[in-house]
Amino acid sequence: MEDSKKILAELTLEEKASLASGKTFWTTKPIERLGVPSVLMTDGPHGLRKEQGAEEEKGLTNVMKGSEKATCFPTAVTTASTWDPELLARVGKAIGEEAKDQGVSTVLGPGTNIKRSPLCGRNFEYFSEDPFLAGEMSAAYVNGMQEIGVGCSLKHYCGNNQEYFRMSIDSIIDERALREIYLPAFENTVKRAQPWQVMCSYNKLNGDYLSDNKRMLTDILRKEWNFEGIVVSDWGATNDRVEGVRAGMDLQMPTCKGADDRKIVKAVKAGELNEEELNVTTERVLDYVKKCVDNKPEKPFKADYDAHRTLCREVGAKGAVLLKNNGALPLSSEEKIVLVGKLAEESRYQGAGSSRIECNRLIHLTQALSACGRSFDYYPGYVLEGEGKNDDLLLQAVEAAKGANKVVAVIGLTDLYESEGFDRTRMDLPAGHNELIEKLCEVNDNVVVVLQGGSPVTMPWKDKVAAILNVYLQGEAVGESTMDVLYGDVNPGGKLAETYPLSSDDVLAQKCFPMGPKTVEYRESIFVGYRYFDTAKKDVAYPFGFGLSYTDFTVSDFAISGAYNEKFTVSCTVTNTGKREGSEVVQIYVGQVDSPIFKAEKELKGFRRVYLAAGESKRVEIPLNERAFSFYNTAVSDWSVLAGTYRISVGTSSRDILWTTDLSVAAPEVELPVYDEEVVRVYGNIGAVEEITKDQFEALYGKRLPDNEPYKVGEFHQNCTLSDLLCTRLGRFLCKTIQFFGKKMAGDAVNAAMVVNTVTSIPLRAFSGFSGGVLSPYSVDGLVDVFNKKRGGWRKFFRGFRKKYR
């Protein structure tokens with residue numbers, strides 16, 4: 001492929017506009033006369049999901065029809081729990097190799113959104129509640145994949161922290177929270193890894209759709225962070241295509257069947273869009289395609305799927321978090337156990353939705369134990385449907401447990417409890433799973449719980465069991481990874497990348513999650529996850545960064561060196577004082593003492609996972625740069641360091657602090673933001689606050705909060721969803737019809753729930769693209785008129801099937 005500038009000079013206006021949208025659901029448009037090929041991208045992020053069938057047939061419903069086989073790695077919630085960026089880089093590289101094997105140029109991932117609430121249905125696909133940890137893991141993944149010439153699509157940029165109304169909700173976030181919590185992971189990944197794509201999310205941010213948001217796509221992403229790749233829309237996220245070109249949104253996906261291309265041409269000819277602005281977008285797309293072409297293997301590439309499966313097993317084990325152990329673990333290979341729980345036989349090993357991978361070889365725990373000749377008796381104990389209750393299965397499991405030396409019970413969140421497309425409504429496990437553990441504990445003192453799932457859960461029985469091993473979602477080697485940790489072949493060293501609250505009611509953000517129908521207000525501001533719990537001194541089930549081991553460690557000889565205008569280095573010695581090899585994660589937190597503005601008590605600013613043989617010691621050095629001491633100063637619209645005393649804390653979780661030291665920083669004087677008295681009272685004493693009112697958040701936000709009342713007849717427009725239309729008889733009919741056919745097409749309850757919730761939350765304007773052009777934009781206009789009870793709506797709707805916008 002020739003130089004982009006040379007090709008650009010030869011393109012017609014219509015060809016330039018055509019490159020701004022996809023050819024099919026997964027491919028870009030070619031310009032054959034100039035040697036510009038079409039390139040292919042597919043879903044990720046914890047494996048490759050390349051759909052089967054001809055490109056023209058692929059689309060939303062194909063999520064349920066299967067994909068090419070690939071290695072299903074542990075999901076982001078598990079990989080983040082490794083606290084090992086080098087391991088993430090290896091995972092990224094492996095997925096990239098499989099992409100090359102299958103002719104894919106770009107993988108859609110990683111998901112780098114912050115876990116604002118434990119109830120977000122897609123939390124399994126995101127790394128952490130902490131932006132520093134999320135950014136480190138995300139950048140490592142991207143660097144690993146792109147090192148071998150396969151692009152990443154960093155997603156979902158940004159403020160997309162829930163599934164409820166995710167395609168139309170307006171996320172109202174104050175500037176400090178945006179800059180300090182929701183953007184840094186993206187910023188770190190862009191600056192350190194330069195992903196080939198950044199995917200803009202569906203939602204609005206402070207009033208503007210991300211696909212039209214010049215401030216986010218150009219001013220911040222490109223001018224502040226120096227992003228060099230292309231911005232691609234999430235599938236169906238394009239709002240106003242012409243405005244998107246101006247804003248810096250380069251590639252619309254999926255195909256719009258030319259409808260929005262014609263709008264671009266029309267706008268240029270009418271003088272409403274400068275052709276130079278279109279040229280910028282076109283050249284970026286050409287550069288992206290050329291990068292894909294230049295990195296395409298000259299001869300067929302064959303990935304080592306066996307090696308990748310071995311890596312999957314390693315990552316799954318290293319991401320397992322031991323939450324409790326009274327000595328029941330590790331198990332002995334010689335002892336016979338009673339294994340209970342249907343999830344031991346039919347594991348939950350990945351999330352549900354667009355990231356669902358077709359495994360090469362899935363091994364459940366029962367299969368892994370049998371293959372190794374380990375002795376066990378198995379009882380399901382519950383069913384996977386609904387709340388899981390089955391009295392006969394429960395009775396059988398309890399009877400078997402009465403005489404057992406040890407009972408291993410595998411329980412967790414089923415696919416129906418968390419998925420893309422909908423959020424959880426509570427933190428509880430299925431009732432049948434909880435009842436099983438309670439009954440087992442009544443007859444046996446050595447109950448070991450293995451937790452599967454992608455999000456925090458309540459554990460009403462945690463004080464009664466002997467051990468709790470949280471394995472999250474371990475990918476296709478789930479059975480072997482779990483077995484390796486249970487029997488001590490791998491020493492658990494994973495640490496929680498999120499707080500486990502006692503209840504979702506304890507989460508400050510939960511008071512405004514998920515809100516809707518129009519807006520969701522992030523009233524908690526910067527107090528997300530442990531930043532809230534630790535500052536407010538609130539009890540939790542398990543703190544951020546927590547995880548136990550089968551061995552013991554000491555951390556000693558702490559020191560700090562350096563200067564503020566250079567960098568500080570925190571150092572310590574980690575020693576494995578136990579009798580088996582293992583790992584410890586040294587975590588560095590920074591907080592300002594007596595800050596003149598509200599801040600969290602402490603924030604993670606560095607970490608290192610250290611692997612040690614029994615008796616071995618290693619010296620660890622962790623740098624702290626200027627950003628570690630900074631806050632986003634809205635008075636000067638930039639990052640600032642305040643002069644004063646900073647407390648450096650070294651620990652093995654946010655609450656297991658082993659050493660602290662106070663450091664004096666002599667930074668230059670800066671202008672400070674002036675906060676309303678009520679803001680200072682509320683956010684400066686967050687532990688005394690049960691709920692933040694609308695007026696209090698409005699004072700922090702700095703302007704009037706937008707309307708959040710449901711739409712009424714006469715107010716509907718193309719950005720309304722089918723759910724918005726439920727106040728009309730026709731809207732209710734359409735939703736019921738879609739639910740009926742969605743369940744018919746889905747094949748199972750999990751896919752049905754995901755598809756129904758997704759389709760009913762899609763803005764009407766996106767139905768044209770998702771329907772493959774069957775429903776034209778003109779027909780959608782007619783449908784809007786029908787719902788608003790305007791005359792001629794039905795006529796326009798039906799004419800749209802044979803008429804296109806001119």
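Placed above this text is the structure.
A quick note: this is a predicted structure, and the numbers were derived from the prediction, not measured. (Residues numbered from 1 in each chain as written. Predicted model: local features only at pLDDT ≥ 70, side-chain atom pairs only at ≥ 80, totals over all residues. Heavy atoms only, no water.)

**Q** Even after reading the chapter, I still don't get the overall build of the protein, so can you show me in this structure?
**A** In terms of helices and strands, the protein carries 24 helices and 26 strands. Relative to the 2.2 N^0.38 estimate, which gives 28 Å for 806 residues, the radius of gyration of the protein is 27 Å and therefore close to what a compact globule would have. Structurally, the protein occupies a C-alpha span of about 75 × 65 × 55 Å along its principal axes. For the protein, restricting intrachain contacts to residue pairs at least 6 apart in sequence, the fraction spanning at least 24 positions comes to 76%. Total accessible area on the protein is roughly 29,600 Å²; 47% of this is exposed by carbon and sulfur atoms. Computed over 100 positive and 112 negative side-chain charges, the separation of the two mean positions in the protein equals 6 Å. (Helix = DSSP H or I, 4+ residues; strand = E, 2+ residues; numbered from the N terminus. Rg over C-alpha atoms; globule rule 2.2 N^0.38 Å. Contact = heavy atoms within 4.5 Å. Areas by Shrake-Rupley, 256 points an atom, 1.4 Å probe, with all protein chains shown as cover. Lys, Arg positive; Asp, Glu negative; His and termini not counted. Charge placed at Lys NZ, Arg CZ, Asp CG, Glu CD.)

**Q** I would appreciate a short explanation of the environment of G341 in the present structure.
**A** Within the secondary structure layout, G341 lies in the loop between β11 (337-340) and β12 (358-359). Residue class for G341 comes out buried when judged on its relative accessible area of 0%. Taking the C-alpha atoms as reference, G341 lies 8.5 Å from V383; in sequence the two are 42 residues apart. (Buried < 20%, exposed > 50% of the residue type's maximum accessible area, 1.4 Å probe, protein only.)

**Q** Teacher, can you tell me more about the nonpolar core here?
**A** Side chains of a nonpolar character, in soluble globular proteins, are inclined to be buried together. In terms of nonpolar packing, the biggest core is built from 170 residues, with Y157, W235, F629 and Y683 touching the most fellow members. Considering each element in turn, this core owes the most residues, 7 residues, to helix α5 (residues 131-146). Contacts of Y157, omitting those with residues within four sequence positions, involve L183, F186, V198, M199, C200, S201, L210, M216, L217, I220, L221 and W225. In this structure, A320, L331, A344 and V408 belong to the second largest nonpolar core, which totals 66 residues. (Core = buried A, V, L, I, M, F, W, Y, C linked by side-chain atoms within 4.5 Å.)

**Q** Looking at this structure, I do not really get the side chain of N576. What am I missing?
**A** On the secondary structure map, N576 appears in strand β19 (residues 568-576). Judged by its relative accessible area of 1%, N576 is buried. Of the polar contacts made by the side chain of N576, one reaches the backbone oxygen of A613; its length is 3.3 Å. Setting aside anything within four residues of it in sequence, one finds N576 in contact with T551, D552, F553, E581, G582, L612, A613, A614, G615 and E616. (Polar contact = N/O pair within 3.5 Å; in protein donor to acceptor, adjacent residues only side chain to side chain.)

**Q** Would you take a moment to explain the packing of aromatic side chains for this structure?
**A** One pass over the structure, following the stated rule, counts 26 aromatic pairs. Between W83 and F544, the aromatic rings sit 5.5 Å apart at their centres with planes inclined by 55°, giving tilted as the arrangement. One end of the pair, W83, is in the loop between α3 (76-80) and α4 (85-101); the other, F544, is in the loop between α17 (530-535) and β18 (553-562), and 461 residues separate them in sequence. Note on W794 and F798: the rings are 6.0 Å apart at their centroids and 25° apart in plane angle, and the pair reads as stacked. Pair noted here: W794 and F798 are both in helix α24 (residues 793-799), with a separation of 4 residues, about one helical turn. Linked through ring pairs, W83, F132, Y530, F544, Y589 and F607 together constitute an aromatic cluster. Across from the ring centre of F598, 4.5 Å away, lies the NZ or CZ of R176, which sits over that ring. Just above the ring of Y778 sits the side chain of K796; from NZ or CZ to the centre is 5.9 Å. (Phe/Tyr/Trp six-rings, centres within 6.5 Å; stacked < 30°, edge-to-face > 60°. Lys NZ or Arg CZ within 6 Å of the ring centre and 35° of its normal.)

**Q** Explain a nonpolar patch on the surface here, please?
**A** Residues V774, W794, F798 and F801 make up a contiguous nonpolar surface patch of roughly 430 Å² in combined accessible area. Considering the arrangement of structural elements, one finds F801 in the segment after α24. For F801, a relative accessible area of 43% puts it in the partly exposed group. (Patch = residues over 30% accessible without salt bridge, like charges linked within 9 Å, V, L, I, M, F, W, Y side chains within 5 Å. Salt bridge = Lys/Arg side-chain N within 4 Å of Asp/Glu carboxyl O.)

**Q** Help me understand the side chain of D212 in this model?
**A** Structurally, the position occupied by D212 is in the loop between β8 (208-209) and α8 (214-224). For the buried residue D212, which engages in no salt bridge, the nearest side chain bearing the opposite charge is R241, 7.1 Å off. If we ignore the near neighbours within four places in the chain, the residues touching D212 are N239, D240, E243, G244 and A247.

**Q** Just checking my understanding: could you explain the sheet that holds strand β5 (residues 170-172) for this structure?
**A** Two pairing modes exist for strands in a sheet, parallel and antiparallel, and in both the strands are linked by backbone hydrogen bonds. The strand order β8-β7-β5-β17 describes an open sheet built from 4 strands, whose pairing is mixed. At either end of the open sheet lies a strand with only one pairing partner, and these are β8 and β17 (519-521). (Pairing = 2+ DSSP bridges.)

**Q** Help me understand the pairing of β19, please; the structure alone is not making it clear to me.
**A** For a regular strand, the rule is simple: side chains alternate between the two faces of the sheet. Within β19, 9 of the 9 residues are buried, which leaves the element mostly enclosed by the surrounding structure. Residues F568, V570, C572, V574 and N576 of β19 are buried on one face, and the alternating residues T569, S571, T573 and T575, pointing to the opposite face, are buried as well. Across 8 bridges, the pairing between β18 and β19 is antiparallel. Each residue of the ladder has a partner; that of I560, found in β19, is V570. Connecting the antiparallel pair β18 and β19 is a turn made up of 5 residues. Bridge count for β19 against strand β22 (residues 617-624) is 8 bridges, and the pairing is antiparallel. Note on β22: the bridge partner recorded for V570 is I622.

**Q** I tried to follow helix α23 (residues 777-787) on my own but got confused; where do I start?
**A** Each α-helix turn comprises 3.6 residues. Residues three or four places apart therefore point the same way. Extensive coverage of α23 is indicated by the burial of 10 of its 11 residues. Those residues of α23 lying buried are P777, Y778, S779, V780, G782, L783, V784, D785, V786 and F787. Just past α23, the residue K789 takes up positive phi, approximately 60°.

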